[in-house]
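Coordinate analysis (summary)
Listed below are the residues making up each chain.
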Amino acid sequence: MANPSCESEPLLGNSAMLHFVEVLIIALMLSSTYILIAVGFTLFFGAIDIIQFAHGDVAMLGSFVGMILYALGHITGIALVLPAWLFVIGVMLGTLVITGGLGVLFERTVIKPFRDSPMLMILVATIALGIIIRESVRLFYPEGSNPQVFPRLFPQAGFQLNGLYFRVGHILIFGISLLLILTMMIFINRTKTGLAIRAISQNIEAASLMGINPDLAILVTFFTGSVLAGIAGILIGSYFSVVKFDIGLMGGIKGFSAAVVGGLGNFNGAILGGLTLGMVETFASAYIPGGAPYKDVYAFIIVVFFLVFRPAGLLGEKAYQKV
Amino acid sequence: MKLLKVTFVIIAVIALGLWGVQFSFAAEKTTVKIGFIGPLTGPNAAFGLGARNSADLAVKETNRRGDSPYRYELVVMDDASDPSTGVAAATKLCTIDKVAVATTHFNSPVGLATIHVFHRYGTPQMFWGGIHPDITYKHNYPEVTRICANTIVEHNQLASFLVEKLGYKTWSIIYDTTSYGDSCHKAVKDALAKVGGEVLSADGVPVGTQDFRPILSRIKALKPGPQVIYFGGVVTEAALIKLQMTEMGMKNLLYAGVTGFDSETFNKTARDAAEGTVIVGKKAIGEDSPFVKAYKAEGYKEYYEATGPYAYDATNLITAVINKVGPDDKKLLAKTIRGIEYHGILGPTKFDEFGQTLTGGLTMKVSQEGNWVPWDASEYSTGKRSLPQK
C-alpha cells in the first residue's frame, strides 16, 4: 500500500527528538501493563511449574470488579461521603482483595487437583477456565458483550512540559505500576515468604522438609500474582478508558509472551520481557510507515525468535523441556 | 306457529354462527415473515438494537392498521458484527424461517459475506446499514438493494463540506483494516482529490486497537502538520482516538468521520473530548416527527439511533411491495423492490440499476455538549462556538 506519509518532510531536529521521547513514554506505559501481567505468569511458573493461561482474564476481571465497586460506591452514596482520592483507594483495595481471592479460588478448584498430573492437563484446564471467566462476564455483566466505558478514577488534569503533554492520571498509573513492581521484587527477594516461594520453586519436596508449607506458599503466590493482575486491570481500564470482556485474551497472551521473552520463572526477566514487547509494538507503530496494522506481528516475531534461538529467554535459568 | 318461530330462531342462530365462522376465516390472514439481521450484541449493538426496534415498530404499525392482505412477522437475528455469525443467521432466515424478504446489517464485512447467501436462495435483501460500495456495485445481485448512502456518496459530501466550505485542506487519515475501513480510506482519498484536499498520512489499524497514541504521535510530528484527523472506522475506536488526541494536546486539529460513528455511544465514550467532532451523519429525523413519537410511545428501551429511520423505511418499503405482489414470487419481489419509488420518513427512495438508493439522505453533524447536532442547528454554524483553527 502506498503510504503518503513517506512523501511528507522527514522528521528533523528538535521535533524528531520530541517525537522519540513521546513514543518512549507511550511505550513505557504499555510495557508496564504487560509487566504486571507477565510477573504473575512468571510467579506461577517459578513456584509450581505451571502456566496459568487464564491469568489475562483475571486481569480483565480486575477491570470489571473495579467498575462494579465504583458503581456500588455511587449507588450506595459512599462515593459522595468519602473524599475522591480515598474512594479511589478504597475501590483499588477492594478490587485487589477480590481478584486476589478469586485467584486463590481458581488455584484451589482448577489447578490444585492437577498438581501431580502432566502439565498438559493444567494447560487445558486453565484455558477452559479462561473461557469460562470471559463468557461469564459477557453473559452476566449488563450488556457484557459491548465495550464498557471505564470510570475516571484518576485526575484528568494535564500539563505541558517542553512540548510534551502529560496527564496527572497517567503519571499516577505509571507510578503505581512501578511501585507495585518494586514492592514485588522486594517481597520475592527480601522477605521470608518470598524465600519460601523461591524455595518451593527450586524443589518442592526439599522445601517442605525444611518446614515450609507448600500449600500455603502456593496460595500466597496465587494471591499476589492475581492481585497484580487485578491492579493491572484497573490501570489498563484507566489508561485506555474502555474495557471489554475479551481484553484478557490478548492481554494474557502478551503477558505470557513477555514472560517467555524474559525467561519464564525469572522475575527480572518478566520486567525485561514486558519492556521488550511494549517497545517493539509501540516503536513499530510509530516509526515503520504503514506498520501499525502489523504491530502484533512484530511483537510475536520477537517471541518466536526467542523460542527458537533462546528458549530460556533473556534471563531464564530453567531450560525448557519441549512437550 | 310456535314451532315455526323456534325453527326460525334456530336457523337464524346457525346462519349467524356460520357467518361468524366465515368472518373469522376471512380475518385469519396469511402470516408473512420478514427477516431482520443486525448487531444486537458486540461493539455496534446500539446501532443494531435501534434498527431492530424501528423495524419492529414498522411491522407492528402495519399489522395494527389492518389494511394489508397479510399479517407480518419480524424474525430477528443477531450478527454480532461478525461475518460468520451473519452468514449463519442469513442461512437460517432463508432455509428454516423462509422469510419473504430480509432487511439487514450495519457492518459492511458482514453484508459482503451474506449477499451470496441471499443470492443463492433468491431471497431479496435490503440493507438498512453497511455502506461499502461493493455490496451493491461488485456483483450486482438482483436480490440486493440498499436504502442508505454508500461510502463514496458520504465522503464526497464530507470532503466538499470541510475542504470547500470550511477550508480544511490538509488531512491525516486513520482507518481500520476491515473492508469497511479500507473502502472509507479509498473513498476519502478520492473525494479529497476531487476538491483539492491533501492527504499527509494514512495509517491502518486493526479493529480492537486500544492504543492509537503511537500513530497520533507520528501525525503530531509531521511537518507541516495536518489540519484534520479523519478516521474511517466505527464507534469505539473513533471515540478512543478523539480521547487520546485530547490527552496528547492535539486540540487544535479538527476530528472528522462519516456515519460509522454517528452514534450517541461516541459522545458517551469520548465524554468531554467529543466536543467539536464533525461527521457526515445519517439523516437527522426531528424529535417531533411521527416516527419518533411512535417509537417513544412503543416504549422501546434503546434509543433509535441514526440507523433506526433506515430500518423503519426499509421495512415499510418491503411490506408495501409484498402487499402489492404477494410474498411467494421472489424474483418478482426483487424486481418490484428495485423499481419502486417509495416515500417514507427519509424522503423519496429510488434505486439505481445496482440497487443503490440515489436519495438516501445525509446530514452534516457536529458534536456539541455530548450530542450530535445537525450542523445547521448547531452553535458552530451560528459562530457562538468555533471549530479548531477557526
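Residues numbered from 1 in each chain as written. Chains lettered and ligands numbered in written order. Predicted model: local features only at pLDDT ≥ 70, side-chain atom pairs only at ≥ 80, totals over all residues.

So, on to the overall build of chain A. When helices and strands are counted, chain A shows 12 helices and four strands. Whereas a compact globule of 323 residues would reach a radius of gyration of roughly 20 Å, chain A reaches 20 Å, a difference of no more than 12%. Looking at the 323 residues of chain A, the share that counts as buried comes to 47%. Taking contacts inside chain A between residues at least 6 apart in sequence as the whole, the part at least 24 apart equals 74%. (Helix = DSSP H or I, 4+ residues; strand = E, 2+ residues; numbered from the N terminus. Rg over C-alpha atoms; globule rule 2.2 N^0.38 Å. Buried ≥ 20, exposed ≤ 12 C-beta atoms within 10 Å, placed from the backbone. Contact = placed C-beta atoms within 7 Å.)

On a plain count of helices and strands, chain B comes out with 14 helices and 14 strands. Structurally, chain B occupies a C-alpha span of about 110 × 45 × 35 Å along its principal axes. When burial is assessed residue by residue, chain B has 56% of its 390 residues classed as buried. Looking at chain B alone, contacts between residues at least 24 apart form 70% of all its contacts between residues at least 6 apart.

At the interface, 31 residues of chain B touch 30 residues of chain A. A breakdown of the residues in the side of chain B that touches chain A according to their chemical character gives 14 nonpolar, 10 polar and seven charged. (Nonpolar A, V, L, I, M, F, W, Y, C, P; charged D, E, K, R; others polar.)

Looking now at the sheet that holds strand β7 (residues 198-205) of chain B. Residues and elements named next belong to chain B. With mixed pairing, the seven strands of this open sheet are ordered in space as β7-β6-β8-β9-β10-β13-β14. Sheet topology places β7 and β14 (371-374) at the edges, where each strand pairs with a single neighbour. Across the sheet, the mean angle separating the axes of adjacent strands is 30° when strand polarity is ignored. In this structure, strand β13 (residues 362-368) lies alongside β14, joined through four bridges in antiparallel fashion. Residue pairing in the sheet places V366 in a bridge with V373 of β14. (Pairing = 2+ DSSP bridges. Axes fitted to C-alpha atoms, helices over the stretch in contact; angles between N-to-C directions.)

Moving on, we come to the domain arrangement of chain B. All names here are of chain B. Segmentation of chain B into domains returns domain 1 (27-149 + 285-360) and domain 2 (152-284 + 364-382). Here domain 1 and domain 2 have C-alpha centroids that lie 28 Å from each other. Facing 20 residues of domain 1, the contacting portion of domain 2 comprises 19 residues. Looking at the side of domain 1 that touches domain 2, the elements that each hand over two or more residues are α2 (45-65), α4 (108-121) and α12 (308-325). Ranked by the residues each element gives to the side of domain 1 that touches domain 2, the list is headed by α4, at three residues. (Domains from an automatic or database assignment.)

Time to look at the sheet that holds strand β5 (residues 144-146) of chain B. All names here are of chain B. Read from one edge of the open sheet, five strands run β2-β1-β3-β4-β5, paired in parallel fashion. The open sheet has two edge strands with one neighbour each: β2 (70-78) and β5. Adjacent strand axes in the sheet meet at a mean angle of 25° when their direction is disregarded. Of the strand pairs in this sheet, strand β3 (residues 101-104) and strand β4 (residues 125-127) are connected by three bridges, and their pairing is parallel. Counted as the bridge partner of A102 is Q125 from β4. Where helix α3 (residues 83-95) meets the sheet, its contacts fall on β1 (30-38), β2 and β3, and the angle it forms with β2 comes to roughly 155°.

All right, on to the packing of helix α10 (residues 247-262) of chain A against helix α12 (residues 295-309) of chain A then. Geometry of a packed helix pair, given as the angle between the helix axes and the separation of the axes. Residue and element names in this part refer to chain A. Following both chains from N to C, one finds α10 and α12 inclined at 40°, their axes separated by 9 Å at the closest point. Judged by the inter-axis angle, α10 sits oblique to α12. The interaxial crossing formed by α10 with α12 has left-handed handedness. Residue-level contacts link S257, V260 and V261 of α10 to F300, I302, V303, F306 and L307 of α12. Residues belonging to the contact of α10 with α12 are distributed by class as follows: seven nonpolar, one polar and no charged. (Parallel < 35°, antiparallel > 145°, perpendicular 65-115°, else oblique. Left-handed = near helix turned anticlockwise from the far one by under 90°.)

All names here are of chain B. Within helix α13 (residues 330-339), burial applies to L333, A334 and I337. Angular distribution of buried residues about the axis of α13 spans 95°; they occupy a single face of the element. Relative to its buried face, α13 has exposed residues pointing more than 90 degrees away, namely K331 and G339. Looking at the buried positions of α13, the neighbouring elements they touch are β3, β4, β5 and α12. (Arc of directions from axis to C-beta.)

Attention now moves to unusual backbone geometry. Residue and element names in this part refer to chain B. Cis geometry marks the peptide bond from K223 to P224, where omega comes out at -5°. Mapped onto the fold, P224 is located in the loop between α8 (213-221) and β8 (228-232). Positioned with a positive phi, A80 is a non-glycine residue whose angle comes to about 50°. With respect to the helices, strands and loops of the structure, A80 is situated in the loop between β2 and α3. A positive phi angle is found at E305, which is not glycine, with a value near 60°. Along the polypeptide, E305 turns up in the loop between α11 (290-298) and α12.

With that out of the way, let us pick up the environment of I122(A). Residue and element names in this part refer to chain A. With respect to the element layout, I122 can be found in helix α5 (residues 119-140). You can call I122 buried: it has 24 C-beta atoms within 10 Å. Distance in space between the C-alpha atoms of I122 and R138 is 24 Å, their sequence separation being 16 residues. Filtering out sequence-adjacent residues up to four positions away, I122 remains in contact with I50, I111, F114 and S117.

All names here are of chain B. Here α3 crosses α4 at 25°, and the two axes come no closer than 8 Å. Looking at the two axes, α3 sits roughly parallel to α4. Crossing hand, α3 versus α4: right-handed. Contacts between α3 and α4 involve P83, G86, V87, A90, T91 and C94 from the first element and P109, V110, A113, T114, V117, F118 and Y121 from the second. Residue composition of the contact of α3 with α4, by class: 10 nonpolar, three polar and no charged.

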